[in-house]
Amino acid sequence: MPQIIFLPHEELCPDGAVVEAETGETVLNVALKNNIGIEHACEKVCACTTCHVIIREGFDSLAEGDELEEDMLDRAWGLEPDSRLGCQAIVADENLVVEIPIYTVNMVSETH
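The rules we used
Residues numbered from 1 in each chain as written. Predicted model: local features only at pLDDT ≥ 70, side-chain atom pairs only at ≥ 80, totals over all residues. Heavy atoms only, no water. Helix = DSSP H or I, 4+ residues; strand = E, 2+ residues; numbered from the N terminus. Rg over C-alpha atoms; globule rule 2.2 N^0.38 Å. Buried < 20%, exposed > 50% of the residue type's maximum accessible area, 1.4 Å probe, protein only. Patch = residues over 30% accessible without salt bridge, like charges linked within 9 Å, V, L, I, M, F, W, Y side chains within 5 Å. Areas by Shrake-Rupley, 256 points an atom, 1.4 Å probe, with all protein chains shown as cover. Salt bridge = Lys/Arg side-chain N within 4 Å of Asp/Glu carboxyl O. pLDDT = per-residue confidence, 0-100. Contact = heavy atoms within 4.5 Å. Pairing = 2+ DSSP bridges. Axes fitted to C-alpha atoms, helices over the stretch in contact; angles between N-to-C directions. Lys, Arg positive; Asp, Glu negative; His and termini not counted. Charge placed at Lys NZ, Arg CZ, Asp CG, Glu CD. Polar contact = N/O pair within 3.5 Å; in protein donor to acceptor, adjacent residues only side chain to side chain.

Caption draft 1: A look at the overall build of the chain. On a plain count of helices and strands, the chain comes out with three helices and five strands. In terms of overall size, the chain behaves like a compact globule, its C-alpha atoms giving a radius of gyration of 13 Å where 112 residues would be expected to give roughly 13 Å. If you line up the chain on its principal axes, its C-alpha atoms span 40 × 30 × 20 Å. Relative to its full complement of 112 residues, the chain shows a buried share of 42%.

Right under this line is the structure:
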């Protein structure tokens, strides 16, 4: 069973976390299941960038993102070559090291 190492994030997991993941789960679902509250304003349908994560290790084990995900990622704060949307990054059979960016772009909360 692969593991996901979430690097420390000041608000969401200050000490970082090492968690077990099922092959086929999304990075976002694994985080949420382990009480790491990554935002997901669109309810996991690839319609926003609030679940943007950076895959620091294991990126190549993930299936490639589709065109919709790539278009959404273009709007993400702090985009990097190894960026993915957590709701679209499906765990394969390798361990992952994931960084949660310190900022997110949430069009819903920014308009209120």
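Caption draft 2: Local environment of a nonpolar patch on the surface. On the surface, Trp77, Ile102 and Tyr103 cluster together into a nonpolar patch covering about 370 Å² of accessible area. Tracing the backbone through its elements, the reader meets Ile102 in the loop between strand E5 (96-99) and helix H3 (107-110).

Caption draft 3: Expanded view of unusual backbone geometry. Not every positive phi belongs to a glycine, and Lys44 is a case in point at roughly 75°. Looking at where Lys44 falls in the secondary structure, it is placed in the loop between helix H1 (27-33) and strand E3 (52-57). Phi is positive for Cys46, close to 60°, though the residue is something other than glycine. Taking the relative accessible area as the measure of exposure, Cys46 reaches 4% and is therefore buried.

Caption draft 4: Here's a closer look at the confidence of the model for the chain. Per-chain confidence: the chain averages 92 in pLDDT, with 93% of residues scoring 70 or above. Scored below 50 in pLDDT, residues 108-112 makes two contacts in the model with residues more than four places away or belonging to other chains.

Caption draft 5: Here's a closer look at the sheet that holds strand E2 (residues 17-20). What the five strands build is an open sheet, ordered E2-E1-E5-E3-E4; its pairing is mixed. Two strands close off the open sheet at either side, each with one partner strand: E2 and strand E4 (83-85). Recorded for the sheet is a direction-independent mean angle of 35° between the axes of neighbouring strands. Looking at chain direction, E3 and E5 are connected through three bridges and run antiparallel. Counted as the bridge partner of Glu57 is Val97 from E5.

Caption draft 6: Representation of a negative patch on the surface. Taken together, the side chains of Glu64, Asp66, Glu67, Glu70, Asp71 and Asp74 define an acidic patch exposed on the protein surface. Relative to the assigned elements, Asp66 resides in the loop between E3 and helix H2 (67-73).

Caption draft 7: Examining the side chain of Glu25 more closely. Tracing the backbone shows Glu25 in the loop between E2 and H1. The class for Glu25 is buried, based on a relative accessible area of 15%. There is a polar contact of 2.7 Å between the side chain of Glu25 and the side chain of Lys33.

Caption draft 8: Layout of the environment of His40. Among the secondary structure elements, His40 is positioned in the loop between H1 and E3. You can call His40 partly exposed: its relative accessible area is 23%. Put simply, His40 and Cys51 are eleven residues apart on the chain and 5.3 Å apart in space, counted from C-alpha to C-alpha. Aside from chain neighbours lying at most four places away, what touches His40 is Leu28, Leu32 and Thr50.

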